[in-house]
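# Breakdown of the fold
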Protein chains: 2
Amino acid sequence: MVKVKEIAAAVGVSPSVVSAVLNGSRHVRMSEATRAQVLAKIEELGYTANFAARSLRTSRSGVLAVVAPKLSNPVFAPMFDGIHDAAEESGYVIMLAEATRLVDGSRMLERILGHGQVDGTILRPSSGIDSAGVRSVFRGQAPIVVLDEVPDLAQPWLAIDDVAAGRVATEHLLERGHTRIGYLGGWFHAHATFQPLEGFRHNNLRRLDGYQAALSAAGIEPRTDYVIETDYTAHAGREAVKQLTALRDRPTAIVVNNATTSIGLVGGAIAAGLRVPDDLAVIAIHDIDMLSEVSPAISAVRMPMYELGYTGTKLAAKAIDGETFESYVIKDPPPHILHRETT
Amino acid sequence: MVKVKEIAAAVGVSPSVVSAVLNGSRHVRMSEATRAQVLAKIEELGYTANFAARSLRTSRSGVLAVVAPKLSNPVFAPMFDGIHDAAEESGYVIMLAEATRLVDGSRMLERILGHGQVDGTILRPSSGIDSAGVRSVFRGQAPIVVLDEVPDLAQPWLAIDDVAAGRVATEHLLERGHTRIGYLGGWFHAHATFQPLEGFRHNNLRRLDGYQAALSAAGIEPRTDYVIETDYTAHAGREAVKQLTALRDRPTAIVVNNATTSIGLVGGAIAAGLRVPDDLAVIAIHDIDMLSEVSPAISAVRMPMYELGYTGTKLAAKAIDGETFESYVIKDPPPHILHRETT
DNA sequence: CTGAAAGCGCTTACAG
DNA sequence: CTGAAAGCGCTTACAG
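Since this is a predicted model, take the numbers as computed values, not measurements.

### A look at the packing of aromatic side chains
Residues and elements named next belong to chain B.
- One pass over the structure, following the stated rule, counts 6 aromatic pairs over all chains.
- Considering the side-chain rings of Y183 and Y211, the 5.0 Å spacing of their centres and the 40° angle between planes classify their relative orientation as tilted. Here the residue Y183 occupies a position in strand β6 (residues 181-186), and Y211 occupies one in helix α9 (residues 203-217), the gap between them amounting to 28 residues.
- Owing to a relative accessible area of 1%, Y211 belongs among the buried residues under this scheme.
- Ring centres 6.1 Å apart and planes at 15° place the aromatic pair Y306 and Y310 in the stacked group. Taken together, the residues span about one helical turn, with Y306 and Y310 both in helix α12 (residues 305-320) at a distance of 4 residues.
- A cation sits over an aromatic face here: R54 above F51, 5.6 Å from the ring centre.

Now the structure itself:
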């Protein structure tokens, strides 16, 4: 393995100069010719930096830990894209972990908690995530940026506008003449696998706020039996159809706060002989590719998940550099209705 | 930050002893009482190892790079679970990268290529992945395990039994009386975004082999116009319906070599007024949760993706330790038919 | 058997 | 302005 010292010897300069070339440091001055020679030698000998040595010296690892509830949830795909793009731009590499895997003694948790292995952590909390492992994350040394609204937490956060999402989805149904509008959503209450972080009003509840606000604004009294609590699976959507059809004056339209669940709901409704949207209109919060490919294609509210990931990561990079910033809700772009076949 | 030296001083032993306790090294002997004291002090002072220093010394980073075509593809979810479980067991932490992000100069690629940052790489090749970036991966210093069949490549590999998958899916349709059976699959040919690695016969082609073998065994002449080339999206499945219905003596059943595409295909068929399975039967290769939740629920062949990830990672850990192993196709568990509503 | 000392490969404060 | 030297925090070969 070729090292700085060898490059230096080959060119006939000191290691300091090579290091300066490598890091673009202005501290050490050198002629343009020397710089070019060093660069050529680096190329020629195929030098690659030893990050362990560099980390030890600089106490920066260049690693960002990203903790999310479920990596395979398609809703997060654009968020991860945003995280990756911003990380690359800022010179970081990403270590991904699922919250449920952050059990006591896990290697990943060890790295997050340890010193110098991870420069910062980006945490997307959610149902099932607020485990002992996630709580431990807050004991870590490095800055944390939370990608959801957690006003009471000491850590800075960034969030999408969940209240607006719930409101806009409900307004879309109101505009189509519906008055009996239900709401299907993941975990509103504490739960075996969902112990909310302090100060964390779950995004499901914020979307529910928006839903209720839209109904109230339209002069409609929200009915508690129209609000059905589920988990986040497609299966839960399918199962919910039974509860819905059993209802007196059942809703003619549903806001579903999860894209995956909306697929199960529509599937279950069709299997139960309901026509969609004639017997039951459905709109999902969050858009995923598949919603436009199933039949009928499912209407959805697109949320700025890419921006959430991108901006959150940029803010994390700032936090690592010691800058502070105000937590805020992303208002731009606003939630956007994708009107398809289920409404 | 507390360090080994401080623990040693606090207990009154040398750093060597603390290090030995930390690493369970038998080299340095000590009394059980000393060991207990050291452990207690580590706990008390909240010592966490500095991985950069450890890496520099041992030239092991404890990091495994995982490169896959698309992290959000639900087909890979169980594979990643297997990788995570095995990594945790073997003491590694995972760095995930999408192949398309491994462009020249990317940080992740730099780490893979560099020395000592990544102990090994697990590469799942596929369409669109065999970019210049992926080729560069093979220039890396650390061992690579490829999670697909690449007989001509120097690197060891591990694969699921794609030929059997194609065969079993086709037999399932034959058993239901179909004789006009089509095949819908991603990229069979080289392509702007798919430049196959040397010696890499794409898994799509291997599945196609199984499909053709099953037809031949049943005395049916495979028709080339029944084989439709698509990409991996749900959208491609939806579009393929047009090609299918335009066909003379169109197929009455289709093997789709991708779960996501099968959702689009069924959606498109229904939108085109075809009854599924009466007018068109569909079976997908690879099972994902959603296939059982859409309506009609889509039949599928379940492949041992968890095992692929788990065993592949264990083999990577072995390779890092200098052991060699024979590449092989996972025969157990065999492909398993999940008979649902589309067949 | 145990502790002191060397050294992994960098970067940067410091002396010349 | 430039190079030599120190030191980041570990682990382990070595001397005692």
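Back to the write-up after that little detour.
### Side note on helix α8 (residues 162-175) of chain A
- For α8 of chain A, with 14 residues, the first-to-last C-alpha span of 20 Å sits near the 20 Å given by 1.5 Å per residue.
- Where α8 of chain A ends, the next residue or the one after it, G177 of chain A, has phi of about 90°, a positive value.

### Considerations on the pattern of salt bridges
- Summed over the entire model, instances satisfying the criterion amount to 46 salt bridges over all chains.
- In this structure, the salt-bridge partner of D287 of chain A is R340 of chain A, at a minimum N-O distance of 3.1 Å. Highlighted residues: D287 of chain A in the loop between β9 (281-285) and β10 (299-302) and R340 of chain A in the segment after β12 (336-338), separated in sequence by 53 residues.
- Where R60 of chain B meets D321 of chain B, a salt bridge forms, and the shortest distance between an N and an O atom there is 3.2 Å.

### Concerning the environment of S106 of chain B
- With respect to the secondary-structure elements, S106 of chain B resides in the loop between β2 (93-98) and α6 (107-113).
- Taking relative accessible area as the criterion, S106 of chain B reaches 1% and is therefore assigned buried.
- Taking the C-alpha atoms as reference, S106 of chain B lies 8.9 Å from G133 of chain B; in sequence the two are 27 residues apart.
- If near-sequence neighbours (up to four positions away) are discounted, S106 of chain B is found in contact with E88 of chain A together with R101 of chain B.

### Looking at the nonpolar core
- Counting residues in hydrophobic clusters, the biggest one holds 140 residues, and the most contacted among them are F80 and V255 of chain A together with F80 and V255 of chain B.
- The residues touching F80 of chain A, leaving out its near neighbours within four places in the chain, are V66, A68, L71 and L96 of chain A.
- By size, the runner-up hydrophobic cluster in this structure holds 48 residues, among which are V63 and L153 of chain A together with A65 and V67 of chain B.

Thresholds applied
- Residues numbered from 1 in each chain as written.
- Chains lettered and ligands numbered in written order.
- Predicted model: local features only at pLDDT ≥ 70, side-chain atom pairs only at ≥ 80, totals over all residues.
- Heavy atoms only, no water.
- Phe/Tyr/Trp six-rings, centres within 6.5 Å; stacked < 30°, edge-to-face > 60°.
- Helix = DSSP H or I, 4+ residues; strand = E, 2+ residues; numbered from the N terminus.
- Buried < 20%, exposed > 50% of the residue type's maximum accessible area, 1.4 Å probe, protein only.
- Lys NZ or Arg CZ within 6 Å of the ring centre and 35° of its normal.
- Expected span 1.5 Å × (residues − 1).
- Salt bridge = Lys/Arg side-chain N within 4 Å of Asp/Glu carboxyl O.
- Contact = heavy atoms within 4.5 Å.
- Core = buried A, V, L, I, M, F, W, Y, C linked by side-chain atoms within 4.5 Å.

Note that all results are geometric; they support no functional claim without further evidence.
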